[in-house]
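Summary of the model geometry
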There are 2 protein chains.
Amino acid sequence: MQLTRQSEYAIRTLLELSKYSDGEFIQSRAIAIQQDLPVQFLNKTVQILARTGLVETRRGMQGGIRLAVKPETITIADVVVAIEGKIAINPCLADDYHCVNRPNCRVHEILERAQSAMLAELDKETLADLVRDDNNERVI
Amino acid sequence: MQLTRQSEYAIRTLLELSKYSDGEFIQSRAIAIQQDLPVQFLNKTVQILARTGLVETRRGMQGGIRLAVKPETITIADVVVAIEGKIAINPCLADDYHCVNRPNCRVHEILERAQSAMLAELDKETLADLVRDDNNERVI
DNA sequence: AAGTAATAAGATTGTATTTATCCTATATAA
DNA sequence: TTATATAGGATAAATACAATCTTATTACTT
């Protein structure tokens, strides 16, 4: 329903991975330290990203995480949708929500417009855009 | 953090009141029936709207609720902010949120831009706009 | 003055969601 | 075969959301 912390973590994770986009696997622990995120929760987040095909993972020694696609092709909206599923800023915008006022409801219509405006904004920026302007230097 | 059902209820309530904007007090029960909302919860919502000055209430017989301002001057954003307080579509946008990446954080920046786009959309429409196009006829 | 009708306000409850953490399993390289 | 890293399930703690209950307060009506 909303943009959770996990979405933010996912963005930061992918942002971090974008800095290394030359095929090498980065350990989740390193990302967690770098971006100050709880490791275990980050691992859960990575699992989701892996299932949706945004990252590739490798277990065992020399294992870790890497982008599965070019950072130019992933928008922030892509990341958010990967984590949250279909967005609905208000319950009445959810697919399975039954409302007596449908389908001709001005409230619904306006909320939907607001949501679209938000998602459009998130769809403007790719990971590549972000990493280009990011102030956080690569430390490790 | 998000646009709750209570926000939607508030919008619907004010929308309903806008249909009668000639100074008469409408009972919350009538609004609840008209818009299919839980009465007690609606009363809570009205209390908030009253505190923020959007509606006036009167107790006792012949009492009820009415708009405190003209429907042309209330935007949907006004209503949402009245109910939710300062909006933050992501925890990192909250005022009291401490983040190591501040103040130079691209993620924060983009989320903020998305939020602004959303609020701008909600700020475009007033209650008067809504009631003009509303399909729900006044029944009582 | 008493009774009735309406909202105000505080307390409480139930549920769902969010944000983790723990533990065991599985894969992989050295 | 051992050390290392993610996978996945279970669970827990915290928070938020939605709703209800109860008692007060206000105000008209008779």
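Structure shown above.
Residue indices follow the written sequence of each chain, beginning from 1 at its first position. Starting at A for chains and at 1 for ligands, labels are handed out in the order in which the entities are written. With the structure being a predicted model, the display of local features is reserved for residues of pLDDT at least 70 and the display and counting of side-chain atom pairs for 80 or more, all residues being used for whole-chain, interface and lining totals. The basis for every side-chain value is the complete set of non-hydrogen atoms in the structure, without hydrogens or water.

1. Considerations on the overall build of chain A
- Helix and strand definitions follow DSSP, with helices as H or I runs of at least four residues and strands as E runs of at least two, each counted in order from the N terminus. Of the regular secondary structure elements, chain A holds six helices and two strands.
- From first element to last, N terminus to C terminus, chain A shows the α and β order α-α-α-β-β-α-α-α.
- Structurally, chain A occupies a C-alpha span of about 55 × 30 × 25 Å along its principal axes.
- Summary of the burial criterion: residues with accessible area below 20% of their type's maximum are buried, those above 50% are exposed, and those between are partly exposed, where the area comes from a 1.4 Å probe applied to protein chains only. Across the 140 residues that make up chain A, the buried fraction comes to 52%.
- The contact definition used throughout considers only heavy atoms, calling two residues in contact when any of these lie within 4.5 Å. The contacts in chain A between residues at least 6 apart in sequence include a share of 69% that link residues at least 24 apart.

2. Some details on the nonpolar core
- Membership of the largest hydrophobic core comes to 86 residues, with the highest contact counts inside it found for Leu14(A), Leu122(A), Leu14(B) and Leu122(B).
- The contacts of Leu14(B), once residues within four sequence positions are left out, are Leu49(B), Leu54(B), Val55(B), Leu67(B), Val79(B) and Leu127(B). Put simply, buried Ala, Val, Leu, Ile, Met, Phe, Trp, Tyr and Cys residues joined by side-chain atoms within 4.5 Å make one nonpolar core.

3. Side note on the interface of chain B and chain A
- If you look at the interface, chain B gives 37 residues, while chain A gives 38 residues.
- Throughout, the accessible surface (probe 1.4 Å) given up by two parts as they are put together, summed over both, is called the buried area. Together, the buried faces of chain B and chain A total about 3,500 Å²; carbon and sulfur atoms form 59% of this surface.
- Among the residues chain B hides against chain A, the three largest losses belong to Arg106(B), Val107(B) and Ile110(B). Together they make up 17% of the total.
- Salt bridges are counted wherever a side-chain nitrogen of Lys or Arg sits within 4 Å of a carboxyl oxygen of Asp or Glu. Linking chain B with chain A are four salt bridges, by the criterion used here.
- For the salt bridge of Arg106(A) with Glu125(B), the shortest nitrogen-to-oxygen distance reads 3.1 Å.
- Residues adjacent in sequence count toward polar contacts only when both atoms are side-chain atoms; beyond that, a polar contact is any pair of N or O atoms within 3.5 Å, and within protein one must be able to donate a hydrogen and the other to accept it. Our count for the chain B to chain A interface comes out at 11 residue pairs in polar contact (both at pLDDT 80 or more).
- Residue assignment for the side of chain B that touches chain A shows that the elements contributing at least two residues are helix H1 (5–18), helix H5 (106–122) and helix H6 (127–133) of chain B.
- If you tally residues by element for the side of chain B that touches chain A, the top one is H5(B), at 10 residues.
- Residues that form the side of chain B that touches chain A fall into these classes: 19 nonpolar, seven polar and 11 charged. Charged means Asp, Glu, Lys or Arg here, nonpolar means Ala, Val, Leu, Ile, Met, Phe, Trp, Tyr, Cys or Pro, and polar covers whatever is left, Gly included.

4. So, the protein's contact with DNA strand D
- In these notes, residues near a molecule or strand are those with any non-hydrogen atom within 4 Å of it. Close to DNA strand D lie 26 residues, the nearest being Gln27(A), Ser28(A), Thr57(A), Arg59(A) and Gln2(B).
- Those atoms of DNA strand D that come within 4 Å of the protein belong to sugar or phosphate at a rate of 71%.
- Within the side chain of Arg59(B), one N or O atom sits 2.8 Å away from a base oxygen of DNA strand D.
- When the residues that make up the surface near DNA strand D are grouped by side-chain class, the tally is six nonpolar, 12 polar and eight charged.

5. A short note on the pattern of salt bridges
Residue and element names in this part refer to chain B.
- One pass over the full model with this rule turns up 20 salt bridges over all chains.
- Across the salt bridge formed by glutamate 109 and arginine 113, the nearest N and O atoms sit 2.8 Å from each other. Of this pair, glutamate 109 and arginine 113 both sit in helix H5, four residues apart, roughly one helical turn.
- Since its relative accessible area comes to 34%, glutamate 109 is described here as partly exposed.
- The closest approach of N and O atoms between glutamate 121 and lysine 124, which form a salt bridge, is 3.2 Å.

6. Things to note about the protein's contact with DNA strand C
- Taken together, 25 residues sit near DNA strand C, with Gln2(A), Gln27(B), Ser28(B), Thr57(B) and Arg59(B) positioned nearest.
- In this structure, Met61(A) approaches DNA strand C through a main-chain N or O atom, which is 3.3 Å from a base oxygen.
- In this structure, Lys44(B) approaches DNA strand C through a side-chain N or O atom, which is 2.7 Å from a base oxygen.
- When residues of the surface near DNA strand C are traced back to their parent elements, those giving at least two are helix H1 (5–18) and helix H3 (39–51) of chain A together with helix H3 (39–51) and strand E1 (55–58) of chain B.
- Considering only residue class, the surface near DNA strand C consists of five nonpolar, 12 polar and eight charged.

7. As for helix H4 (residues 76–84) of chain B
- Of all nine residues making up H4(B), seven are buried, and the element is well covered by its neighbours.
- Among all positions in H4(B), only Ile76(B), Ala77(B), Val79(B), Val80(B), Ala82(B), Ile83(B) and Glu84(B) are buried.
- Contacts made by the buried residues of H4(B) are with helix H5 (106–122) of chain A together with H1, H3, H5 and H6 of chain B.
- Looking one or two places after H4(B), you find Gly85(B), whose phi comes out positive at around 75°.

8. Some remarks on the environment of Pro103(B)
- As for its placement among the helices and strands, Pro103(B) is situated in the loop between H4 and H5.
- As for Pro103(B) and Val55(B), which are separated by 48 residues in sequence, their C-alpha atoms are 38 Å apart.

9. Quick look at the packing of helix H2 (residues 28–35) of chain B against H3(B)
Residues and elements named next belong to chain B.
- At a closest axis distance of 9 Å, the pairing of H2 and H3 adopts a crossing angle of 115°. Seen along the crossing, H2 lies across H3 with a hand that is right-handed. Residue-level contacts link Ser28, Arg29, Ile31 and Ala32 of H2 to Val39, Leu42 and Asn43 of H3.
- Grouping the amino acids of the contact of H2 with H3 by side-chain chemistry returns four nonpolar, two polar and one charged. What counts as an axis is a line fitted to C-alpha atoms, over the stretch in contact for a helix, and the angles between N-to-C directions run from 0 to 180 degrees. By convention, the crossing between two helices is left-handed when the near helix turns anticlockwise from the far helix through less than a right angle, and right-handed when the turn is clockwise.

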